[in-house]
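Structural characterization, general
Spelled out from the first residue to the last, the chains are:
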Amino acid sequence: MNDINFKNRLPIQLRFNDIDVIGHVNNSVYFNFFDLGKTAYFDEVMGKHVDWANADMVIRHIEADFQAPTFYRDNIEVDSAVVKIGVKSFTMEQRIVDRDNGAVKCVCTTVMVGFNPQTNQSQEIAAEWKDAIRKYEKNPNL
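As the structure is a prediction and not an experimental result, all values here were calculated from the model. (Residues numbered from 1 in each chain as written. Predicted model: local features only at pLDDT ≥ 70, side-chain atom pairs only at ≥ 80, totals over all residues. Heavy atoms only, no water.)

Attention now goes to the side chain of Gln-94. Along the chain, Gln-94 falls in strand E4 (residues 89–98). Engagement of the side chain of Gln-94 in a polar contact is seen with the backbone oxygen of Phe-34, the distance being 3.0 Å. There is a polar contact of 2.9 Å between the side chain of Gln-94 and the side chain of Ser-80. (Helix = DSSP H or I, 4+ residues; strand = E, 2+ residues; numbered from the N terminus. Polar contact = N/O pair within 3.5 Å; in protein donor to acceptor, adjacent residues only side chain to side chain.)

This is the structure in structure tokens:
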């Protein structure tokens, strides 16, 4: 993940209810941050607010690796990039970073698949999405 050029960076405002009883961000809350990052990323990639009710893609797999605790006063952001595009899926890498010192708090890998809600089956990712991601990432070989 060190060689990924994260173009999309979204500052995150921590809330009181993000903190658990031992004083750091609860591990389940990170997935909310990653979802915010996905939304910001795809809005920027597509040049508009994405209508997720009609986006025809879903999360197939998501995993997180917690590397350091995040505390209430930490100044964090979520960085997002698509690193691989297949026929029916793509892989997104994200990380939570301390904006003051660059420390990586958590990394996340998400596989999203094209999905047809009428047939409840996977489908090819639309060319519009693939082209927009490749252009945004400046990587025609994704």
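Still more ground to cover, so stick around.
Before going further, it helps to spend a moment on the environment of Asp-79. Mapped onto the fold, Asp-79 is located in strand E3 (residues 76–85). For Asp-79, a relative accessible area of 0% corresponds to the buried category. When the C-alpha positions of Asp-79 and Ala-40 are compared, they lie 9.9 Å apart, and in sequence the two are 39 residues distant. Non-local contacts of Asp-79, meaning those with residues more than four positions away in its chain, are made with Phe-6, Asn-8, Arg-9, Glu-93, Gln-94, Arg-95 and Val-97. Looking at Asp-79, its side chain comes within polar contact range of the side chain of Arg-9, at 2.9 Å. One polar contact links Asp-79 to Arg-95, side chain to side chain, over a distance of 2.8 Å. (Buried < 20%, exposed > 50% of the residue type's maximum accessible area, 1.4 Å probe, protein only. Contact = heavy atoms within 4.5 Å.)

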